[in-house]
Amino acid sequence: MSDSPTPRRTAKPKVVVTRHLLPSVEERMCELFDTTLNPADTPLSRDELVSAVQTADVLVPTVTDRIDAALIDAAGPQLGLIASFGAGVDHIDLTAARARRIIVTNTPGVFTEDTADLTMALIIGVLRRLREGTSLIRRGEWSGWAPSALLGRKLSGKVLGIVGMGRIGQAVAFRARAFGLTIRYHNRHRLPQAVESMFGAEFVENLDDLLGQSDVVTLHCPANASTHRMIDAGRIAAMRPGAVLINTARGDLVDYEALIQALEAGRLGGAGLDVFPEEPRVDARLVALPTVIAQPHIGSATVEGREASGEKVIANIRFWADGHRPPDQVLEGLV
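Residues numbered from 1 in each chain as written. Predicted model: local features only at pLDDT ≥ 70, side-chain atom pairs only at ≥ 80, totals over all residues. Heavy atoms only, no water.

### Things to note about the overall build of the protein chain
A tally of regular secondary structure across the protein chain gives 13 helices and twelve strands. By the compact-globule yardstick of 20 Å for 335 residues, the protein chain fits well, its C-alpha radius of gyration being 22 Å. Judged by the C-alpha coordinates and their principal axes, the protein chain covers about 70 × 50 × 30 Å. Looking at the protein chain residue by residue over its 335 residues, the buried ones come to 47%. A separation threshold of at least 6 residues defines the contact pool for the protein chain, and within that pool the share at least 24 residues apart is 63%. Looking at the protein chain as shown, the accessible area adds up to about 16,200 Å², and 53% of this sits on carbon and sulfur atoms. Taking the average location of the 36 positive side-chain charges in the protein chain and that of its 40 negative ones, the two points are 4 Å from each other. (Helix = DSSP H or I, 4+ residues; strand = E, 2+ residues; numbered from the N terminus. Rg over C-alpha atoms; globule rule 2.2 N^0.38 Å. Buried < 20%, exposed > 50% of the residue type's maximum accessible area, 1.4 Å probe, protein only. Contact = heavy atoms within 4.5 Å. Areas by Shrake-Rupley, 256 points an atom, 1.4 Å probe, with all protein chains shown as cover. Lys, Arg positive; Asp, Glu negative; His and termini not counted. Charge placed at Lys NZ, Arg CZ, Asp CG, Glu CD.)

Next comes the structure, spelled out in structure tokens:
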């Protein structure tokens with residue numbers, strides 16, 4: 001089956017955008033395309049998504065939209081492009097899209113630095129007990145400086161275990177090295193020696209070994225069948241007593257029930273979490289734990305990153321509409 005680009009279109013393609021994007025992005029989309037926006041920013045219902053794929057030439061979804069096989073099967077023959085806003089594509093059934101000869105694009109690279117920044121903020125915040133200190137101030141219960149009060153842990157000299165050493169994992173390693181952390185990583189494939197040397201990173205082939213060696217474990221993997229709940233009860237038990245888990249990747253990577261139990265028992269020292277398996281629901285037990293810093297999926301939430309992502313979406317649509325292969329086409333099996 002050919003994945004050749006569609007022929008050049010003479011009319012503006014009909015584009016349906018599922019969520020409210022930045023005004024500058026939406027304005028440009030409306031100039032270039034026959035665009036239907038979602039100013040209310042309420043996630044589209046299943047029926048609304050079905051209506052969108054039955055009428056649009058291009059669907060612009062986000063990670064909040066489940067573009068599964070049944071939805072793709074319901075699409076009209078005119079749907080030729082799913083131009084997803086964001087780097088992840090685990091919300092899209094790529095096999096079903098390929099079967100319908102629908103091209104899928106994403107926006108890789110634009111959120112790398114932003115997500116790495118938040119990862120470091122969570123590492124620092126958990127180790128230095130920033131949530132507990134902030135809460136103490138807000139409750140008006142701080143009685144003043146004391147030599148034994150709110151003792152956290154220093155970063156320098158700790159071992160940071162990075163699970164997934166792609167763009168974001170490497171950006172985290174670059175930042176962490178400046179804080180004096182020792183970098184070890186687990187990845188599907190070992191990085192070239194020159195890259196390891198640049199980050200001062202040591203490859204650990206076995207994930208369980210990495211978990212047992214690390215004071216802080218940070219996850220930077222895609223969500224797929226092989227990574228679903230990869231950090232399960234057994235692997236949480238394999239972590240060092242008092243270790244910290246950071247997750248700014250995908251909620252499905254972690255068995256959160258096992259994580260909560262380990263945190264409540266005091267076996268782990270804390271967690272910094274930006275993603276959850278059933279967003280926007282967050283387990284109240286996590287929120288109640290003083291050793292947990294929980295954020296509402298803001299890893300990519302910068303003006304610059306969201307603008308750049310929107311610009312990539314526009315570029316992908318324009319390439320496709322002109323009959324060319326979009327620069328960020330996602331190829332099944334390579335994600």
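### Some details on the UniProt feature "domain: D-isomer specific 2-hydroxyacid dehydrogenase catalytic" (unreviewed entry) in the protein chain
The positions that UniProt labels "domain: D-isomer specific 2-hydroxyacid dehydrogenase catalytic" (unreviewed entry) are, in the present scheme, residues 26-330. Note that residues 26-330 is 39% helix and 13% strand, and that its end C-alpha atoms are spaced 23 Å apart. (UniProt positions renumbered as here; feature names shortened; annotations may be inferred.)

### Regarding helix α7 (residues 167-178)
Residues spaced three or four apart along an α-helix point in a common direction, a consequence of the helix completing one turn every 3.6 residues. Between its terminal C-alpha atoms α7 stretches 18 Å, which fits the 16 Å expected from twelve residues at 1.5 Å a residue. For α7, the set of buried residues is G169, A171, V172, A173, R175 and A176. Packed against the buried residues of α7 are α5 (112-127), β6 (159-163), β7 (182-186), α8 (193-199) and β9 (216-219). Once α7 finishes, G180 follows within two positions and takes phi at roughly 85°, a positive value. (Expected span 1.5 Å × (residues − 1).)

### Things to note about the sheet that holds strand β5 (residues 103-105)
Taken in spatial order, the five strands make up an open sheet running β2-β1-β3-β4-β5, and their pairing is parallel. The open sheet has two free edges, formed respectively by β2 (34-36) and β5, since each of these has just one partner strand. Neighbour-to-neighbour, the strand axes of this sheet turn through a mean angle of 15°, independent of strand direction. Of the strand pairs in this sheet, strand β3 (residues 58-60) and strand β4 (residues 81-83) are connected by two bridges, and their pairing is parallel. Its bridge partner being in β4, L59 is matched across the sheet by I82. On the sheet, helix α13 (residues 303-321) packs against β1 (14-17), β3, β4 and β5 and is oriented at approximately 165° with respect to β4. (Pairing = 2+ DSSP bridges. Axes fitted to C-alpha atoms, helices over the stretch in contact; angles between N-to-C directions.)

### Considering the UniProt feature "domain: D-isomer specific 2-hydroxyacid dehydrogenase NAD-binding" (unreviewed entry) in the protein chain
Mapped onto the present numbering, the UniProt feature "domain: D-isomer specific 2-hydroxyacid dehydrogenase NAD-binding" (unreviewed entry) falls on residues 120-299. The straight-line gap between the two end C-alpha atoms of residues 120-299 is 11 Å; of that span, 35% is helix and 16% is strand.

### Focus on the packing of aromatic side chains
Scanning the entire structure with this criterion turns up two aromatic pairs. Aromatic side chains Y185 and F203 sit 5.3 Å apart centroid to centroid with 50° between the ring planes, which places their arrangement in the tilted category. In this pair, Y185 is assigned in strand β7 and F203 in strand β8 (residues 201-203), connecting sequence segments 18 residues apart. For F203, a relative accessible area of 19% gives the class buried. (Phe/Tyr/Trp six-rings, centres within 6.5 Å; stacked < 30°, edge-to-face > 60°.)

### Focus on the pattern of salt bridges
This model, assessed by the stated rule, comprises 16 salt bridges. Residues R129 and E132 are paired through a salt bridge, measuring 2.9 Å at the closest nitrogen-oxygen approach. A residue is classified by how much of its surface remains accessible, and R129, at 27% relative accessible area, is partly exposed. Given the relative accessible area of 19%, E132 is considered buried. A salt bridge links R190 to E196, with the nearest nitrogen and oxygen atoms 2.8 Å apart. Residue E196 is classed as buried on the basis of its relative accessible area, which comes to 7%. When salt bridges that share partners are traced, they join E113, D117 and R175 into one network. (Salt bridge = Lys/Arg side-chain N within 4 Å of Asp/Glu carboxyl O.)

### Quick notes on helix α1 (residues 23-32)
All buried positions along α1 are accounted for by V25, E26, M29 and L32. Taken down its axis, α1 places every buried residue within 130° of arc, on the same side. Residues P23 and E27 are exposed on α1 and point more than 90 degrees away from its buried face. (Arc of directions from axis to C-beta.)

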